[in-house]
Amino acid sequence: MAALTDGAYVGEFFRGDEKIDIYFYSKDALRTSLDSLPRMPVYTPQGAIVPLSAVADIRETVDTNTIRRIDGRRTVTLNIIPPDGVALETGVEMVRSQLIQHMKRSGEVPYEVSMTISGASDQLDATREALAGNYLVAIVIIYLLLVAIFTHWGYPVLIMTTIPLGVAGGLVGLALMNWVGTILPRFGLDPLVQPFDMITMLGFLILMGTVVNNPILIVDRAIANLREAGMDAKEAVMEAVQSRLRPIAMSTVTTICGLAPLVFLPGAGTELYRGVGAIVLFGILGTAIVTLTFLPALSIFVFRLAGYRKASDAASSSPAPSPAPGE
């Protein structure tokens, strides 16, 4: 009877880390009607064939095998599992707007029946709130550490301007990766789609602590040139970029090569952390470009506001020496 209706569970099959339930279905399961069930043949242990109505009483009812109550109210649970290509947040919004609101507006659900979304949706909201607090704490800690390193309240802000630009680079890179992944089936390859889920958002926490490494090299070297070598703002920043270009390139290339297998090569376990790797990879790549282009220009502007002007300007602004007696 199970094979003729919902399927008979017979076991489970493991393919890598994925567990697949195995059900048996009759070939006539989709064409079986309730009226034909009493006439279904049943093989007895003695070898005889009798109709199902001879050994069982069939009654059509509407009921459940258990009564579940939450807060004293009868509850019916509908489990919805979104496809692999749909993010959890997108699936929850689709259920809330296209299913629940539609059923309420059309009158398919009585007024006294209330519907709520729980399960993974509650965990999604809790995770989002926790991540929002963690982002704020991470930014404050990074700023205070930079203040302790530079013993200055303003220069850390100059370095931390690369954080939002790095986050933007991670988002743009993830969007480009998904766009390219949708084109891969045209060349006979498997599609590569990475939804922007909660685990992917954890990559921003990792990104915040890594994108500031290269700007620290530029700003620290430029400040040393200003204070110790007496250079003007433009010369100090240009020399800092030239001297720190090689370590910046080496650290960026090694990080990208280390994360590339996780992002671009499918395998067991990569589906869970591919989004984190993509955010960090593209964020670091974008930050490296910003560090060598936007940050030097912004640093020159900030240093000149702080009083580090050109040497020629400083010489011209200083008063001319008074003539010696007798001259």
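Let me sum up the structure you'll find in this document. (Residues numbered from 1 in each chain as written. Predicted model: local features only at pLDDT ≥ 70, side-chain atom pairs only at ≥ 80, totals over all residues. Heavy atoms only, no water.)

1. Some remarks on the overall build of the protein
And then number 1: In terms of helices and strands, the protein carries 9 helices and 6 strands.
And then number 2: As displayed, the protein has an accessible area near 22000 Å², and 62% of this comes from carbon and sulfur atoms. (Helix = DSSP H or I, 4+ residues; strand = E, 2+ residues; numbered from the N terminus. Areas by Shrake-Rupley, 256 points an atom, 1.4 Å probe, with all protein chains shown as cover.)

2. What about the pattern of salt bridges?
And then number 1: Under the definition given, this model contains 4 salt bridges.
And then number 2: Between Lys-19 and Glu-12 there is a salt bridge whose closest N-O contact spans 3.7 Å.
And then number 3: According to the relative accessible area criterion, Glu-12 is partly exposed, its value standing at 40%.
And then number 4: Taking the shortest distance from any N to any O, the salt bridge between Glu-239 and Arg-221 comes out at 3.0 Å. (Salt bridge = Lys/Arg side-chain N within 4 Å of Asp/Glu carboxyl O. Buried < 20%, exposed > 50% of the residue type's maximum accessible area, 1.4 Å probe, protein only.)

3. Examining the environment of Asp-21
And then number 1: Here Asp-21 lies in strand β2 (residues 18-24).
And then number 2: When residues no more than four places from it in sequence are discounted, the contact partners of Asp-21 are Tyr-9, Gly-11 and Glu-12. (Contact = heavy atoms within 4.5 Å.)

4. Some details on helix α6 (residues 213-229)
And then number 1: The end-to-end C-alpha distance of α6 is 23 Å, a good match for the 24 Å that 17 residues give at a rise of 1.5 Å each.
And then number 2: Those residues of α6 lying buried are Asn-214, Pro-215, Ile-218, Val-219, Ala-222, Ile-223, Asn-225 and Leu-226. The arc that holds every buried residue of α6, seen down its axis, measures 160 degrees, which confines them to one face. Exposed and facing more than 90 degrees away from the buried side of α6 are Arg-227, Glu-228 and Ala-229.
And then number 3: Once α6 finishes, Gly-230 follows within two positions and takes phi at roughly 70 degrees, a positive value. (Expected span 1.5 Å × (residues − 1). Arc of directions from axis to C-beta.)

5. Quick word on the packing of helix α5 (residues 198-210) against helix α8 (residues 270-305)
And then number 1: As a packed pair, α5 and α8 sit with axes 8 Å apart at the nearest point and diverge in direction by 35 degrees. Crossing of α5 over α8 shows right-handed handedness. Seen from α5, the contacting residues are Ile-199, Thr-200, Leu-202, Gly-203, Phe-204, Ile-206, Leu-207 and Thr-210; seen from α8, they are Leu-272, Gly-275, Val-276, Ile-279, Val-280, Gly-283 and Ile-284.
And then number 2: Residues belonging to the contact of α5 with α8 are distributed by class as follows: 10 nonpolar, 5 polar and no charged. (Axes fitted to C-alpha atoms, helices over the stretch in contact; angles between N-to-C directions. Left-handed = near helix turned anticlockwise from the far one by under 90°. Nonpolar A, V, L, I, M, F, W, Y, C, P; charged D, E, K, R; others polar.)

6. Quick look at unusual backbone geometry
And then number 1: Not every positive phi belongs to a glycine, and Thr-151 is a case in point at roughly 50 degrees.
And then number 2: Counting through the fold element by element, Thr-151 comes out in the loop between α2 (120-150) and α3 (155-160).
And then number 3: By relative accessible area, Thr-151 is classed as exposed at 65%.

7. A closer look at the side chain of Asn-178
And then number 1: Along the chain, the position of Asn-178 falls in helix α4 (residues 162-183).
And then number 2: Residue classification places Asn-178 among the buried positions, given a relative accessible area of 19%.
And then number 3: Separated by 2.7 Å, the side chain of Asn-178 and the backbone nitrogen of Gln-194 make a polar contact.
And then number 4: Apart from the residues within four sequence positions on either side, Asn-178 is in contact with Leu-192, Val-193 and Gln-194. (Polar contact = N/O pair within 3.5 Å; in protein donor to acceptor, adjacent residues only side chain to side chain.)

8. Let's talk about the pairing of β2
And then number 1: Sheet topology places strand β1 (residues 8-15) next to β2; 7 bridges connect them, and they run antiparallel. Opposite Gly-11, over in β2, you have Ile-22 as the bridge partner.
And then number 2: As consecutive antiparallel partners, β1 and β2 are separated by 2 residues, and within that stretch Gly-16 has a phi angle of approximately 70 degrees, a positive value. (Pairing = 2+ DSSP bridges.)

9. What to know about the nonpolar core
And then number 1: Residues Met-177 and Phe-303 are the most contacted members of the largest nonpolar core, which totals 43 residues.
And then number 2: Looking at this core, the elements that each hand over two or more residues are α2, α3, α4, α5, α6, α7 (233-264) and α8.
And then number 3: Element by element, the count of residues in this core is highest for α8, at 9 residues.
And then number 4: Ignoring any residue separated from it by four or fewer positions in sequence, one finds Phe-303 in contact with Tyr-155, Ala-222, Ile-223, Leu-226, Ala-233, Val-237 and Tyr-308. (Core = buried A, V, L, I, M, F, W, Y, C linked by side-chain atoms within 4.5 Å.)

10. Thoughts on α7
And then number 1: Helix geometry: α7 is bent most strongly at Arg-244, by close to 50 degrees, with proline Pro-247 lying one to four residues after it.
And then number 2: Among the residues of α7, those classed as buried are Ala-233, Ala-236, Val-237, Ala-240, Val-241, Ile-248, Thr-252, Leu-259 and Val-263.
And then number 3: The inward-facing, buried residues of α7 contact α4, α6 and α8.
And then number 4: The opening residue of α7 is Asp-232, an N-cap whose side-chain oxygen sits 3.0 Å from the backbone nitrogen of Lys-234. (Bend = angle between axes of the 7 residues up to and from the residue.)

11. Digging into the environment of Ile-117
And then number 1: With respect to the secondary-structure elements, Ile-117 resides in the loop between α1 (88-106) and α2.
And then number 2: Its relative accessible area of 24% is what places Ile-117 among the partly exposed residues.
And then number 3: A C-alpha to C-alpha distance of 7.9 Å links Ile-117 and Val-92, two positions 25 residues apart in sequence.

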